[in-house]
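A structural walkthrough
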Amino acid sequence: MLSGLSHVALAVWALLIIAPLLWTFLASFKNNTEIFGDPLRLPGELRLDAWGRAWDTAHIGQYMLNTVIVVFFGTAGTMVFGSMAAYVLARFSFAGNRLIYYYFVAGLAFPVFLALGPLFFVVRQVGLLNSHAGLVLVYIAYSLPFTVFFLAAFFRTLPEAVAEAAMIDGASHTRTFVQIMVPMARPGLVSITIFNVLGQWNQYLLPLVLLAGDPDKWVLTQGIARISTLAGYEADWPALFAALSITILPVMVVYIVFQRQIQSGLSSGALK
Amino acid sequence: MRRWRTYGFVAAFLAVPLVLYTVFVISPYVQAFQLSLTSWNGYSSVVAYVGLDNFGRLFGDEVFWQALRNHGIMLLTLPVVTIAIALFLAFLLNLGGGPSGDGMRGLWGSRFYRVVFFFPQVLAVAVVGVLFQAIYRPDEVGVINGVLARLGVEPVGWLIEPGLALWSVIAVMVWQGVGFYVVLFSAGMAAIPKDYFEAAALDGAGRVRLFFSITLPLLRDTVQVGWIYLGIAALDGFALIQVLAGDKGEPDGATTILPVTIYNTAFSYQKVGYASAMGVALFFLTVTFAVLTLRTTRRERVEL
């Protein structure tokens, strides 16, 4: 009896999650008349034209490509530089080690909004405003505090003996890092990579400020927000829903494939 | 010799991360504190120091107080509602099967539920904003109003009614956030030894009793972490409100929040100095909240 009630509660919440997404997906096959009709009716036929318009006319394809480029280099850079800094800070003792560690971790305490105005001028100063390179560097910089914090904790837990053996065999520090320590730290690296990919993929505020001047370079989140504004003027609602579906579907596929890693990656990040 | 090689290695590995971090993170933060004492407009070559004038002006700024009021409401409701729903769902998922031969069981299908609940968490907030704009549409085209219309209820202006708009926004934050905390709390519940439940169940404790007497006290630390995260989220909300309710926090500033105000003040009105002062205020609010939460909820840890 109680068990039945439990299922009802769980099913209600699941429905609340699935229904809006399913509705968006179905609405992308409707035409304007159907959209302005009964919102709960299914589309009359499977129309794919809105998907084409979203991809081309509304530039979703371009935004998607931009996002992939920025997130790829942003995450790769974050992982390379973050793991290098974290490794050195976790396993070498030198004057100023603690100081540098806290210098990095201090970045976690500040809201990005505080930096917003000055950041715009800093990026303009170095000539990287409205460029993907600038956005990538900023993503890396803002991802470093948490990445260093998380990975330093992880590197500290790795056993000393293996690295020592490698050093005795004559491996250089760099070689020990690349061939011994990084493979050993793999579980930690996977978690934090997922964390950074998601964070950078979903970033909205930074591109809004740093890419404002060049719509060709916009990322998906910016693009979707603009299509939403435009849909009101151009009255192309099916294209908006198609654009939303195109944005959500790849994330959903990746999520379903990696859901275990993603859930544990994000929640272990929170508990550290 | 070997020692110098080590120092060289350390320096080489730290150089790039330190430079990137200093230029793009630390220097803007330092400048923000500096600029909050100026009346700089973003382009003039003269930067005039005005002391604490910006902060004085904040106290007389209606938009600032409006934003604070909205953050206050979000701080009071968002964590409570999200944590309550997440704890309830996590409990049902993990222990809802009731006591059985080998301790407590989860419910049938709990894996499926967990996958579904967590999904909104991986969606970009901007995307969720656009999605709910369509769902909240004020006419019968909106999903909610469409359902209401079938039940014979007049359409509701979810994002248009000043008294309702902020609650509609908070509902979206709850919708997106609950799944994450379900997973977080589930991990915590899985760490509670099974014999605790067995012993209590043998003594005749029902599920409600098990939840309040065993699960909740032992999850205290995890709930505290969740509380702080949600509080910080309540002091942010930029992407969602900017997309959902528009730049000014319509209607009538009913959903005005500090981050959106800062963004507009700096980039639409070119008052970079004043915007920085708001940023500094927001920073101190966030820190105060985190410290207060840690202070007031600190207690002897329950030893397992």
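Predicted, not measured: the structure shown is a model, and the values here were computed from it. Each chain has its residues counted from 1, following the order in which its sequence is written. Just so you know, chain letters begin at A and ligand numbers begin at 1, following the order they were written in. Thresholds applied to this predicted model are a pLDDT of at least 70 for local features of residues and 80 or more for the giving and counting of side-chain atom pairs; totals over whole chains, interfaces and linings are not thresholded and use all residues.

For the rest of this paragraph, the subject is the overall build of chain A. The way it works is that DSSP assigns letters per residue, a run of H or I at least four long becomes a helix, a run of E at least two long becomes a strand, and they are numbered from the N terminus. Secondary structure assignment for chain A yields 13 helices and 0 strands. Taken over the C-alpha atoms alone, chain A extends approximately 75 × 60 × 35 Å along its principal axes. In chain A, buried positions account for 45% of the 272 residues. Buried, partly exposed and exposed are defined by the number of other C-beta atoms within 10 Å of a residue's own C-beta, namely 20 or more, between the two limits, and 12 or fewer respectively, with C-beta atoms placed from the backbone.

When two helices pack together, you describe them by how their axes are tilted relative to each other and by the distance separating the axes. Residue and element names in this part refer to chain B. At a minimum axis distance of 10 Å, the contact between helix 10 (residues 220-234) and helix 13 (residues 272-297) shows a crossing angle of 160°. Overall, the two elements helix 10 and helix 13 adopt an arrangement that is roughly antiparallel. In terms of crossing hand, the pair formed by helix 10 and helix 13 is right-handed. For the pair helix 10 and helix 13, the contacting residues are Gln224, Trp227, Ile228, Gly231 and Ile232 in the first and Thr286, Phe289, Ala290, Thr293 and Thr297 in the second. Polar here means any residue other than Ala, Val, Leu, Ile, Met, Phe, Trp, Tyr, Cys and Pro, which are nonpolar, and Asp, Glu, Lys and Arg, which are charged; Gly is therefore polar. Counted by class, the contact of helix 10 with helix 13 contains 5 nonpolar, 5 polar and no charged residues. Between N-to-C directions, angles span 0 to 180 degrees; the directions come from axes that are lines fitted to C-alpha atoms, helices contributing only their stretch in contact. Angle categories: roughly parallel below 35 degrees, roughly antiparallel above 145, roughly perpendicular from 65 to 115, and oblique for all the rest. Note on convention: the crossing is left-handed when the near helix lies turned anticlockwise from the far helix by less than a right angle, right-handed when the turn is clockwise. The contact criterion used here is simple: two residues whose C-beta atoms, placed from the backbone, lie within 7 Å are in contact.

Attention now goes to the interface of chain B and chain A. Contacts between the two partners involve 72 residues from chain B, matched on the other side by 70 residues from chain A. No other element matches helix 1 (residues 2-35) of chain B, which puts 19 residues into the side of chain B that touches chain A. When the residues that make up the side of chain B that touches chain A are grouped by side-chain class, the tally is 58 nonpolar, 12 polar and 2 charged.

What follows concerns the UniProt feature "transmembrane region" (unreviewed entry) in chain B. Mapped onto the present numbering, the UniProt feature "transmembrane region" (unreviewed entry) falls at residues 73-95, 115-136, 164-184, 227-245 and 272-294 of chain B. Across residues 73-95 of chain B, the secondary structure splits into 100% helix and 0% strand, with the terminal C-alpha atoms separated by 33 Å. UniProt positions are given in the numbering used here, feature names are shortened, and annotations may be inferred rather than shown by experiment.

All right, on to the confidence of the model for chain B then. All names here are of chain B. Overall, the prediction assigns chain B a mean pLDDT of 86, with 92% of residues at 70 or greater. pLDDT under 50 marks residues 300-304. Its contacts with residues more than four places away, or in other chains, come to 4 contacts. Interface scoring of the predicted complex returns ipTM 0.90; its pTM is 0.89. A residue's pLDDT is the predictor's confidence in that residue, given on a scale from 0 to 100.

Let us now look at unusual backbone geometry. One non-glycine residue, A:Asn130, lies in the positive phi region at around 55°. By the secondary structure assignment, A:Asn130 is in the loop between helix 6 (112-125) and helix 7 (132-157). Residue classification places A:Asn130 among the partly exposed positions, given that 16 C-beta atoms sit within 10 Å. Although it is not a glycine, B:Gln270 sits at a positive phi angle of roughly 55°.

A few words now on helix 7 of chain A. Residue and element names in this part refer to chain A. Given the number of residues in a helix, its expected span is that number minus one, multiplied by 1.5 Å. In this model helix 7 runs 36 Å from its N-terminal to its C-terminal C-alpha over 26 residues, within 8% of the 38 Å that 1.5 Å per residue would give. Throughout, the bend at a residue refers to the angle made by two axes, fitted to the seven residues ending there and to the seven starting there. Largest kink in helix 7: about 45°, centred on Leu144, with the proline Pro145 one to four residues after it. Most of helix 7 is tucked away, with 21 of its 26 residues classed as buried.

Bringing the packing of helix 5 (residues 97-106) of chain A against helix 7 of chain A into the picture now. Residue and element names in this part refer to chain A. Contact geometry of helix 5 with helix 7 gives a least axis separation of 7 Å together with a crossing angle of 130°. In terms of axis orientation, helix 5 runs oblique to helix 7. Counting all contacts with helix 5, which are made through Tyr101, Phe104 and Val105, the residues of helix 7 involved are Leu144, Pro145, Val148, Phe149 and Ala152. Grouping the amino acids of the contact of helix 5 with helix 7 by side-chain chemistry returns 8 nonpolar, no polar and no charged.

Further remarks concern the environment of B:Ala233. All names here are of chain B. Its location among the elements puts Ala233 in helix 10. With 19 C-beta atoms packed within 10 Å, Ala233 lands in the partly exposed category. Between the alpha carbons of Ala233 and Tyr136 there is a distance of 22 Å; along the sequence they are 97 residues apart. Once residues within four sequence positions are removed from consideration, Ala233 is found in contact with Leu78 and Met173.

Mean pLDDT over chain A works out to 89, with 96% of the residues at or above the 70 mark. Mean pLDDT across the secondary structure elements of chain A bottoms out at helix 2 (residues 32-35) of chain A, with 78, and peaks at helix 4 (residues 60-91) of chain A, with 96.

This part is about the environment of B:Val23. One can find B:Val23 in helix 1. Linking B:Val23 and B:Leu75, residues 52 residues apart in sequence, is a C-alpha distance of 33 Å.

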